[in-house]
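Take a look at the letters that make up each chain.
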Amino acid sequence: MKRAVTIQDISCFGKCSLTVALPIISAMGIETAVIPTAVLSTHTGGFSNYTFRDLTGDIPQIASHWEQLGLGFDAIYTGYLGSPAQVQIVSDFIDTFGREDNFIVVDPVMGDAGKLYAGFTDELVSGMRRLCTKADYVIPNMTEAAFLLDIPYEESPDEEHSRELLRSLAELGCKRPVLTGVRRGYEHGAVAYDSQSGRYYSAYCPHIDRRFHGTGDIFASVFTGAVTLGKDLGEALELAVRFTSDCITATLPHADEVWYGSCFELCLGDLIGYLRR
Ligand code: PXL
């Protein structure tokens, strides 16, 4: 059985980060270990007065216990990290547990719609930029790509411009950047670039003009699961775009009630079905 570890926060209410990654990667038939980086009462998008318990100090202790146990992982997937110090500790974790035959996925979770999430600073952006150079796959949205590249945010670039962004991300040291939120006419999707082979990949689905919280985490979780199962970059991209689109579609009838996340639970059966085909 394949084994992944995902390192990100638990938002106790509001579906994102670990409460999305753990069920999705597990449903894909992969043993999923977790390192919670912080416990929040809710995610930070649209809520105020949320609690935030920082667990940075626990990460090296968990890592050292796992080292004593001789544990290894086929994939290491990092998401929302709450402080520059935490980014550094996660980077150390990658140094310890990264191997020739496993791979690292960094989702540089920092913002959306052109803005950084609450509490995020330039220092965190610089830390994330360094972390990305350790990854085999980096999965920014357009906002995160703009901050990583230090260029103005552009909402939905076309495929040609998004290829330029991919090449710039590769120049920063991201081996295989995957960019989400790309438009092609009435379609919406993601593009990717393998800087070693020089090949580009893209996958699209019909555009739905609604945003739901946590869809980036859904995309990154499915993508990570797919590459952990041995799918190639193109197949992983297709599956992640398709499942994220399924989740958005399933959420539309409930859109007014569920501004805190998308109804991915309704689609997990289909995800398992896609993998059996
Ligand atoms: O979905 C990304 C995310 C993860 N974790 C926390 C967040 C967000 C986005 O707002 O606030 C705590």
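Cut-offs used in this document
- Residues numbered from 1 in each chain as written.
- Predicted model: local features only at pLDDT ≥ 70, side-chain atom pairs only at ≥ 80, totals over all residues.
- Heavy atoms only, no water.
- Helix = DSSP H or I, 4+ residues; strand = E, 2+ residues; numbered from the N terminus.
- Expected span 1.5 Å × (residues − 1).
- Buried < 20%, exposed > 50% of the residue type's maximum accessible area, 1.4 Å probe, protein only.
- Near = heavy atom within 4 Å.
- Polar contact = N/O pair within 3.5 Å; in protein donor to acceptor, adjacent residues only side chain to side chain.
- Areas by Shrake-Rupley, 256 points an atom, 1.4 Å probe, with all protein chains shown as cover.
- Nonpolar A, V, L, I, M, F, W, Y, C, P; charged D, E, K, R; others polar.
- Phe/Tyr/Trp six-rings, centres within 6.5 Å; stacked < 30°, edge-to-face > 60°.
- Core = buried A, V, L, I, M, F, W, Y, C linked by side-chain atoms within 4.5 Å.
- Axes fitted to C-alpha atoms, helices over the stretch in contact; angles between N-to-C directions.
- Parallel < 35°, antiparallel > 145°, perpendicular 65-115°, else oblique.
- Left-handed = near helix turned anticlockwise from the far one by under 90°.
- Contact = heavy atoms within 4.5 Å.
- Pairing = 2+ DSSP bridges.
- Salt bridge = Lys/Arg side-chain N within 4 Å of Asp/Glu carboxyl O.

(A) Quick peek at helix α7 (residues 215–228). When the terminal C-alpha atoms of α7 are compared, their 20 Å separation across 14 residues agrees well with the 20 Å that a helix rising 1.5 Å per residue should span. Among the 14 residues of α7, 13 are classified as buried, and the element is accordingly described as predominantly covered. Phi turns positive, to about 95 degrees, at Gly230, one or two residues after α7.

(B) Looking closely at the site of the ligand. Residues in contact with the ligand amount to 13 residues; listed here are only the nearest, Asp9, Thr44, Tyr80, His213 and Asp217. Asp9 places a side-chain nitrogen or oxygen 2.8 Å from a nitrogen atom of the ligand. In the complex, 97% of the free accessible area of the ligand, which totals 320 Å², lies under the protein chains. Residue classes in the shell around the ligand are distributed as five nonpolar, six polar and two charged.

(C) Expanded view of the packing of aromatic side chains. What the rule picks out here adds up to twelve aromatic pairs. For the ring pair Trp66 and Phe93, a centre distance of 6.2 Å and an interplane angle of 70 degrees mean the geometry is edge-to-face. Taken as a pair, Trp66 in helix α2 (residues 58–69) and Phe93 in helix α3 (residues 84–97) lie far apart in primary sequence, 27 residues in all. Judged by its relative accessible area of 12%, Trp66 is buried. A ring pair is formed by Phe103 and Tyr137, whose centres lie 5.8 Å apart and whose planes are at 80 degrees; its orientation type is edge-to-face.

(D) Structural view of the nonpolar core. Counting 42 residues, the largest nonpolar core has Val5, Ile76 and Phe93 as the members making the most contacts within it. Core analysis: the second largest hydrophobic core is formed by 40 residues, Ile24, Val222, Ala236 and Leu239 among them.

(E) Quick peek at the packing of helix α8 (residues 233–251) against helix α9 (residues 268–276). Contact geometry of α8 with α9 gives a least axis separation of 10 Å together with a crossing angle of 155 degrees. When the axis of α8 is compared with that of α9, the two are roughly antiparallel. In terms of crossing hand, the pair formed by α8 and α9 is right-handed. Facing α8, whose interface residues are Leu239, Arg242, Phe243 and Asp246, α9 presents Leu268, Asp270, Leu271, Tyr274 and Leu275.

(F) Main features of the pairing of strand β9 (residues 176–184). Of all nine residues making up β9, seven are buried, and the element is well covered by its neighbours. As defined by bridge partners, strand β8 (residues 137–138) adjoins β9 across two bridges and the pair is classed as parallel. Counted as the bridge partner of Tyr137 is Arg176 from β9. Examined bridge by bridge, β9 and strand β10 (residues 187–194) share six bridges and lie antiparallel to one another. From the neighbouring strand, Arg184 faces β10, where its bridge partner is Glu187.

(G) A look at the sheet that holds β8. In spatial order, the strands read β3-β2-β1-β4-β5-β8-β9-β10-β11; together these nine strands make up an open sheet with mixed pairing. Looking along the sheet, the strands with just one partner apiece sit at the ends: β3 (52–54) and β11 (199–206). Examined bridge by bridge, strand β2 (residues 31–42) and β3 share three bridges and lie antiparallel to one another. Bridge pairing links Ala38 to Asp54 in β3.

(H) Region of interest: the environment of Ser64. Its place among the elements puts Ser64 in helix α2. Through-space distance from the C-alpha of Ser64 to that of Arg184 is 46 Å; in sequence the pair is 120 residues apart.

(I) Structural detail: the pattern of salt bridges. As enumerated under the stated definition, the model contains ten salt bridges in all. In this structure, Glu31 and Arg3 form a salt bridge, with 3.2 Å as the shortest nitrogen-oxygen distance. Residue Glu31 is located in strand β2, and its partner Arg3 is located in strand β1 (residues 3–13); the two are separated by 28 residues in the primary sequence. On the basis of relative accessibility, which here comes to 35%, the residue Glu31 falls in the partly exposed class. Given the relative accessible area of 25%, Arg3 is considered partly exposed.

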